[in-house]
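Letter by letter, the chains look like this.
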Amino acid sequence: MTENRETALLASVPDGLFIGGEWRAATDGKTLKVYDPSNGQVVKEIANASPADGKAALDAAVEAFPAWAATPARERAEILRRAFDLLQERKEEFALLMTVEMGKPLAEARGEVAYGGEFLRWFSEETSRIQGRYGANPEGTGRMIVSQHPVGPCFLITPWNFPLAMATRKIAPALAAGCTVVIKPAELTPLTTLYFAKLLEDAGLPKGVVNVFTTSTSGAVSEPIIRDPRLRKLSFTGSTQVGQRLLEQASQGVLRTSMELGGNAPFVVFDDADLDKAVDGAIAAKFRNIGQACTAANRFIVHRSVADEFARRVTERVNGFTIGRGTEEGVTIGPLIDDRAVAKAAQLVQDAVARGASVATGGSAIDGPGTFYQPTVVTDVQPGSEILREEIFGPVLAIVPFDTEDEAVRLANDTEYGLVSYVFTENLARGQRMIERLETGMMGLNMGVVSNAAAPFGGWKMSGLGREGGAEGIHEYLQTKYTLTPNPF
């Protein structure tokens, strides 16, 4: 029955580029294959855009921009709200599609549909709250008008790990602000975005307001778009290394940029923490999405007096995980996205062990079809280990002991990244000190998951620029104009 559902669903997903409100093949007729990471099988073949197709997508967004910017806020809001409602009606289809192309367990995919939908609802509500101000200048010689305007055509680049939520988190505020969009989903998981574009059609979005292209040659197609003087905004979620290259390209046109880049999240457990809460938080912060999240806890910095007990409890929980294809009943850990992800997890664990760490459970790739790696707990990780410097992006929990609060802060901040941190303590004053001392753009205090559509998502240092979500999110797609008029009296 599930196989029949998958076949019918995959057949209903468009296989073309969505440009100017029309579905079309790539100009040169080329295609790319999308694979199921749980078994390596091809699930669909779709259009593979060329630079000419990228230009056509931008042409469509530029042409549609004046009319969309002039569309009343309430009308834009109602389209976003219809999209939210349609997503609720089709939530099972979107969840299954994400599980097939990305691998996450179906229960987690349903959670992503709920999370991704909230950006549509939140920004539908923010659309009519775009405000300016009016008042006399201090000298009394004139009146100041400060107004907000859509920044213009936007290029949005999304990652493979959250195929729906990363699309809605960018598309929704752009549309709410009155911007038009070209979006490029990741080559590994493009189907969800194509299916979402089809949903936007059904919600009544005018032609050309959102344009989607899929490609296996991202740099060749994306760079001409970024360097085109008609583009006014670039939003990217992905690695810091790619983000740096995109920022260099965007600098030529002085583009507005939003960059949600890499993370190396510390998870700090103090000696006064409630260990039940800390273990629950650790499981959520580490193993959600099979560890493939920029917000995933990377370094578990645990007070020496509770480190052994914490390790014992998390190991017990990890040993209870069920590994398999995300569509199977009871599965909690699905495949990693590809062979490179498995190799990276294995290499980081091997390096840690070579430097003196111990593997409490797991520590190996799993033979057979698909790209699976055992959920792993590594204890007594030593300074200098690569696993403390690099983003793991896999189901590996690495524990480092500490003795003092100052040491914990030093270890937590000892990274070029600053996206999110997690702190578990029952001491209110200590929690407040951590808010002020940890160098991250977000923090979970006795919480293992922080993401929320109503909150500003983003990082410090090499983890990025700008914010997505919250009241701040729409301002990334607006520009400010100040007008001075004479004193009317």
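Procedures and definitions
Residues numbered from 1 in each chain as written. Predicted model: local features only at pLDDT ≥ 70, side-chain atom pairs only at ≥ 80, totals over all residues. Heavy atoms only, no water. Disulfide = S-S within 2.5 Å. Phe/Tyr/Trp six-rings, centres within 6.5 Å; stacked < 30°, edge-to-face > 60°. Helix = DSSP H or I, 4+ residues; strand = E, 2+ residues; numbered from the N terminus. Buried < 20%, exposed > 50% of the residue type's maximum accessible area, 1.4 Å probe, protein only. Lys NZ or Arg CZ within 6 Å of the ring centre and 35° of its normal. Contact = heavy atoms within 4.5 Å. Pairing = 2+ DSSP bridges. Axes fitted to C-alpha atoms, helices over the stretch in contact; angles between N-to-C directions. Core = buried A, V, L, I, M, F, W, Y, C linked by side-chain atoms within 4.5 Å. Parallel < 35°, antiparallel > 145°, perpendicular 65-115°, else oblique. Left-handed = near helix turned anticlockwise from the far one by under 90°. Nonpolar A, V, L, I, M, F, W, Y, C, P; charged D, E, K, R; others polar. UniProt positions renumbered as here; feature names shortened; annotations may be inferred. Polar contact = N/O pair within 3.5 Å; in protein donor to acceptor, adjacent residues only side chain to side chain.

Okay, the state of the cysteines next. For the coordinates displayed, the defined rule picks out zero disulfides. As a non-bridged cysteine, cysteine 179 has cysteine 154 as the owner of its nearest cysteine sulfur, 4.0 Å distant.

Time to look at the packing of aromatic side chains. Two measures describe an aromatic ring pair: the distance that separates the ring centres and the angle between the ring planes. Taken as a whole and assessed by the stated rule, the structure comprises eleven aromatic pairs. Centroid distance phenylalanine 267 to phenylalanine 300: 4.8 Å. Interplanar angle 35 degrees. Geometry classified as tilted. Residue phenylalanine 267 is found in strand 12 (residues 265–269), and its partner phenylalanine 300 is found in strand 13 (residues 297–303); the two are separated by 33 residues along the sequence. Considered together, phenylalanine 267 and phenylalanine 300 belong to a single accessibility category, that of buried residues. Relative to tyrosine 422, the ring of phenylalanine 267 has its centre 5.8 Å away and its plane inclined at 35 degrees; by these criteria the two rings are tilted. Residue phenylalanine 267 is found in strand 12, and its partner tyrosine 422 is found in strand 20 (residues 420–424); the two are separated by 155 residues along the sequence. Take phenylalanine 267 and tyrosine 422: they sit in the same class, and that class is buried. Members of the aromatic cluster, connected to one another through ring pairs, are Phe267, Phe300, Phe310, Tyr422 and Phe424. Above the face of the phenylalanine 457 ring, arginine 169 is positioned so that its terminal group lies 4.0 Å from the ring centre. Against the face of tyrosine 477 rests lysine 233, its NZ or CZ located 4.7 Å from the ring centre.

Mapping alanine 64 onto the fold places it in helix 2 (residues 51–70). Through-space distance from the C-alpha of alanine 64 to that of glycine 40 is 40 Å; in sequence the pair is 24 residues apart. Residues within four places of alanine 64 in sequence aside, it is in contact with Thr180, Lys207, Gly208 and Val209.

All right, on to the sheet that holds strand 24 (residues 478–486) then. Across the sheet, three strands lie side by side as 5-6-24; this open sheet has antiparallel pairing. Two strands in the sheet have a free side with no partner beyond their single neighbour: strand 5 (133–136) and strand 24. The sheet shows a mean angle of 20 degrees between the axes of neighbouring strands, direction not considered. Sheet topology note: the strand 6 (residues 142–150)/strand 24 ladder contains nine bridges and is antiparallel. Each residue of the ladder has a partner; that of proline 150, found in strand 24, is leucine 478.

For the rest of this paragraph, the subject is the nonpolar core. Grouped together as the largest cluster of nonpolar side chains are 130 residues, with contacts concentrated most on Val210, Phe267 and Phe310. Sorting elements by how many residues they give to this core places helix 6 (residues 165–177) first, with nine residues. Dropping the residues within four chain positions of it, valine 210 is found in contact with Phe18, Ile171, Leu175, Val181, Ile183, Leu200 and Leu205. Residues Leu58, Phe155, Ile157 and Met259 belong to the second largest nonpolar core, which totals 25 residues.

This part takes up unusual backbone geometry. Backbone geometry places asparagine 289, a non-glycine residue, at a positive phi of 60 degrees. The phi dihedral of phenylalanine 393 is positive, around 55 degrees, even though this residue is not glycine. The residue phenylalanine 393 is located in the loop between helix 13 (386–389) and strand 18 (396–402) in this model.

This paragraph deals with the pairing of strand 10 (residues 233–237). Most of strand 10 sits out of view: five of its five residues are buried. Neither face of strand 10 is exposed, since Lys233, Ser235 and Thr237 on one face and Leu234 and Phe236 on the opposite face are all buried. Pairing of strand 7 (residues 154–157) with strand 10 involves four bridges; the strand directions are parallel. Within strand 10, the position partnered with leucine 156 by the bridge is serine 235. Bridge count for strand 10 against strand 11 (residues 256–260) is five bridges, and the pairing is parallel. Across the sheet, the residue bridging to threonine 237 is glutamate 260, located in strand 11.

All right, on to the sheet that holds strand 13 then. Ordered in space as 14-17-18-13-12-20-21, the seven strands form an open sheet in which the pairing is mixed. The open sheet has two free edges, formed respectively by strand 14 (358–361) and strand 21 (442–445), since each of these has just one partner strand. Strand-to-strand twist of the sheet, defined as the mean angle between neighbouring strand axes without regard to direction, takes the value 25 degrees. Inspection of the sheet shows strand 17 (residues 376–379) paired to strand 18 by three bridges, in the parallel sense.

Axis separation between helix 10 (residues 275–287) and helix 11 (residues 304–319) bottoms out at 10 Å; the angle between their running directions is 55 degrees. Between helix 10 and helix 11, the interaxial angle falls into the category oblique. Read as a crossing pair, helix 10 and helix 11 show a hand that is right-handed. Contact residues: Leu275, Asp276, Ala278, Val279, Asp280, Ala282, Ile283 and Phe287 in helix 10; Val306, Glu309, Phe310, Arg313, Val314, Arg317 and Val318 in helix 11. Classifying every residue of the contact of helix 10 with helix 11 by side-chain character gives ten nonpolar, no polar and five charged.

Looking now at the packing of helix 3 (residues 73–89) against helix 4 (residues 91–102). Packing of helix 3 against helix 4 leaves a shortest axis separation of 4 Å and a crossing angle of 75 degrees. Taken together, helix 3 and helix 4 sit at an angle that is classed as roughly perpendicular. Counting all contacts with helix 3, which are made through Leu87, Gln88 and Glu89, the residues of helix 4 involved are Lys91, Glu93 and Phe94. Of the residues that constitute the contact of helix 3 with helix 4, the class distribution is two nonpolar, one polar and three charged.

Let us now look at the UniProt feature "active site" (unreviewed entry) in the chain. The UniProt record annotates "active site" (unreviewed entry) at Glu260. With respect to the helices and strands, glutamate 260 occurs in strand 11. The exposure class assigned to glutamate 260 is buried, which follows from its relative accessible area of 3%. The contact partners of glutamate 260, leaving out residues within four places of it in the chain, are Arg169, Phe236, Thr237, Gly238, Cys294, Leu419, Phe457, Ser463 and Glu468. One polar contact links glutamate 260 to arginine 169, side chain to side chain, over a distance of 3.1 Å.

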